[in-house]
Amino acid sequence: MTATDAREQERGRGRERRRLLADLTPLRTSADYRRLWFGNTVSWVGQGMTALAISLQVYDITGSPFSVGLVGLFSLVPLVAFGLYGGAVADTVDRRKLGLASAAGSAALSVALAGAAFAGFHRVWFLYAIVALQAVCAALNAPARSAMIPRLVPPEQLRAANALNSMVMTFGTLVGPSLGGLIVGLAGYQAAYLVDAVAFTASLYAMWRLPSMLPDRKGGKRASVLDGLRFLATRPNLRMTFFSDFCAMILAHPRALFPAVAVVWYGGDAKTAGLLVAAPAFGALLGGVLSGWQGRIRHHGQAILIAVACWGTAIAVFGLTRNLWLGLLFLAVAGYSDTVSMIFRNTMMQVAAPDEMRGRLQGVFIVVVAGGPRLGDFLAGSVADLTSPAVAITGGGIACVVAVGLLAVYGRGFRRYDAADPKP
C-alpha cells in the first residue's frame, strides 16, 4: 500500500467516525447557539446539584423517606400545571425576555436557598415552596428555550442541535447529583446552592447576548392554550409523536421497581439500585454522543416507531434476565433508544410546526415528559404488587411493542413522514 493510499484510507476512517459521532456543526456555525448550549450545560449541572441537596436536606430535617418523596410531588404539580401555560406565554412575548426572566427567577431561588442555609433556617415547608417555584420557572423557561432553537440554526441543522441538547440534559442528570453530594459532604448545603446560583449566570449571559425573538404571529391576539391543543388535534403526525412516547413512558417504565429488583433479583442494596437508575441515563448520553448516523434518516416517524419498539424490547428482555451486568446492558440500550426517539420527536415538532405554535407544543411536551413517567411508575408498581416485578417489567415491555405496532398500522402517514417535505 502506498503512502497516498494509506492517507486516503485514514481520511475515510475519519469520515466514518464523524458520521457516527454527534454532528457539531450547530456549535461551529452559530455563536448564539453555542453560547446557549454551553450556558444550558452549566445550569443543568447546577440544577442537578440543587435537586440532590434539597432531598438530602429534607431527609436530614425529617428523617422521613415519605417527606423526601413529597419533593418530587411539589415539583411535578407546578410543572404540569404551568407547562401548557408557559408554552402559551412563549408564543406571545419575546422569548429572549421570557428566558431571561425565568432563568433569573431560578437563580434568585438558589440564592434564597443558600441564604436560608447560611442563616440556619431549616424548615421543610420553605424547601417545598422553593421546589414548587423552581418548577414554575422551569415550566416558563423550557418552552421559550426550545422555541428559540429553530431561529438560531437552519432547518437542516435542527436534528444535530437536538442531539446536542439531549447530551446537555443527560450530562446534567448524571454529573449534577454526583457533584452535589460531594459538595454537600465537603462544604454543606449552602455551598451547593451557591454554586447553582453562580451556574445560572452562564445561562443568563447566553440569553442576554441573543437577539430579540418575538413569535412569528399573525395579529396581536394573545396565544391561547386551547388554540394550541386544537392545532395539535388536527395535525396527525405531530399528535403521533406524543402517542408513541406514551407507549414507552406509561406502559414500559420500570424505574419504580428498581429498589425491589436490586434486592430480589440481584441480592444487592442501594448501590445496586443506583446502578439500575444510572444505566438508562448512560445509554441516553451515548444516544447523543453517537448520533451522527441519524443525519442520513429522512423518515423521522418511522425512526421514532422503531426506537420506541427497541425501548420496549430492551425493557422486556431486562425483565427476563437475572444477571446484573446483562440487565444494565439492556437498560442502557433502552436509554439509547429513548434518546433517538426524543431527538427525532423534537425535530419534527420544530420543523413541521409554525413558529407561532412551537412554544405551546413544547408546553404539551413538558406535560407528557413530566406526567408520563409518573403514570408509568404507578402502573408498574400496581401490576408488580398484584403479580410480580418480572410480570410488570416484561409484560410492560411487550405491551409497549404491541402498542407501537398498532400505531404503525394506524399511522401510515406518520410512517411515511419525510423530513425533506415535513407535514404536521
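Conventions used here
- Residues numbered from 1 in each chain as written.
- Predicted model: local features only at pLDDT ≥ 70, side-chain atom pairs only at ≥ 80, totals over all residues.
- Heavy atoms only, no water.
- Helix = DSSP H or I, 4+ residues; strand = E, 2+ residues; numbered from the N terminus.
- Rg over C-alpha atoms; globule rule 2.2 N^0.38 Å.
- Buried < 20%, exposed > 50% of the residue type's maximum accessible area, 1.4 Å probe, protein only.
- Phe/Tyr/Trp six-rings, centres within 6.5 Å; stacked < 30°, edge-to-face > 60°.
- Lys NZ or Arg CZ within 6 Å of the ring centre and 35° of its normal.
- Salt bridge = Lys/Arg side-chain N within 4 Å of Asp/Glu carboxyl O.
- Core = buried A, V, L, I, M, F, W, Y, C linked by side-chain atoms within 4.5 Å.
- Axes fitted to C-alpha atoms, helices over the stretch in contact; angles between N-to-C directions.
- Parallel < 35°, antiparallel > 145°, perpendicular 65-115°, else oblique.
- Contact = heavy atoms within 4.5 Å.
- Nonpolar A, V, L, I, M, F, W, Y, C, P; charged D, E, K, R; others polar.
- Expected span 1.5 Å × (residues − 1).

Our next topic: the overall build of the chain. Secondary structure assignment for the chain yields 17 helices and zero strands. Against the compact-globule benchmark of 22 Å for 424 residues, the chain has a radius of gyration of 22 Å, which places it among compact chains. Once the C-alpha set of the chain is aligned to its principal axes, its extents read approximately 65 × 55 × 55 Å. Split into buried and exposed, the 424 residues of the chain put 52% on the buried side.

On to the packing of aromatic side chains, then. The full count for this structure, using the stated rule, is eight aromatic pairs. Centroid distance tryptophan 125 to phenylalanine 126: 6.2 Å. Interplanar angle 90 degrees. Geometry classified as edge-to-face. Using a relative accessible area of 56% as the deciding quantity, one classes tryptophan 125 as exposed. Judged by relative accessible area, which is 16%, phenylalanine 126 ranks as buried. A network of ring pairs unites the aromatic residues Phe258, Trp265, Tyr266 and Phe318 as a single cluster. Residue placement shows arginine 322 over the ring face of tryptophan 265; its charged tip is 3.8 Å from the ring centre.

This part takes up the pattern of salt bridges. Within the structure shown, the criterion is met by five salt bridges. One salt bridge in this structure joins arginine 35 and aspartate 32, with 2.6 Å as the shortest N-O distance. With arginine 35 and aspartate 32 both in helix α3 (residues 31-62) and three residues apart, the pair spans about one turn of that helix. Aspartate 245 is the salt-bridge partner of arginine 345, the closest N and O atoms lying 3.3 Å from each other. In this pair, arginine 345 sits in helix α14 (residues 324-352) while aspartate 245 sits in helix α10 (residues 236-251), placing the two residues 100 residues apart along the sequence. Residue classification places arginine 345 among the buried positions, given a relative accessible area of 4%. Look at aspartate 245 and you get buried, because its relative accessible area is 4%.

In terms of nonpolar packing, the biggest core is built from 55 residues, with Leu238, Val261, Leu276, Trp311, Phe318 and Cys400 touching the most fellow members. Sorting the residues of this core by element identifies α9 (225-233), α10, α11 (258-264), α12 (270-289), α13 (300-318), α14, α15 (358-386) and α16 (389-410) as the ones contributing at least two each. Per element, the largest residue contribution to this core is 10 residues, and it comes from α13. In terms of nonpolar packing, the next biggest core, distinct from the first, is built from 24 residues, Ala117, Val124, Val131 and Ala192 among them.

Another aspect to go through is the packing of α9 against α10. Taken N-terminus to C-terminus, the directions of α9 and α10 make an angle of 95 degrees; their axes are 7 Å apart at the nearest point. Overall, the two elements α9 and α10 adopt an arrangement that is roughly perpendicular. For the pair formed by α9 and α10, the contact residues are Phe231, Leu232 and Ala233 on the first element and Leu238, Arg239 and Phe242 on the second. Among the residues making up the contact of α9 with α10, the classes are represented as five nonpolar, no polar and one charged.

This paragraph deals with α16. In a regular helix each residue adds 1.5 Å, so 22 residues correspond to 32 Å; α16 covers 31 Å between its end C-alpha atoms and thus fits that length. Within α16, the full set of buried residues consists of Ala390, Ala392, Ile393, Thr394, Gly396, Gly397, Cys400, Ala403, Val404, Leu407 and Ala408. In this fold, the buried residues of α16 make contact with α10, α11, α13, α15 and α17 (412-415).

Relative to the helices and strands, glycine 395 is located in helix α16. Classification of glycine 395 by relative accessible area gives partly exposed; the value is 34%. The sequence separation of glycine 395 and phenylalanine 330 amounts to 65 residues, and the corresponding C-alpha distance is 16 Å.

Before going further, it helps to examine the side chain of arginine 358. Position of arginine 358 relative to the elements: it lies in helix α15. Exposure remark for arginine 358: the relative accessible area of 16% places this residue in the buried category. Excluding residues that lie within four positions of it along the chain, arginine 358 makes contacts with Asp91, Arg95, Ala147, Pro150, Met349, Gln350 and Ala353.

This part covers the environment of valine 263. Secondary-structure assignment places valine 263 in helix α11. C-alpha of valine 263 to C-alpha of alanine 273: the two residues are 10 residues apart in sequence and 8.2 Å apart in space.

The next subject is the environment of alanine 192. Relative to the elements of secondary structure, alanine 192 occurs in helix α8 (residues 189-209). Each C-alpha atom, one on alanine 192 and one on alanine 53, is 6.9 Å from the other, the two residues being 139 residues apart in sequence. Leaving out residues up to four positions away in the same chain, alanine 192 has contacts with Met49, Thr50, Ala53, Ile183 and Val184.

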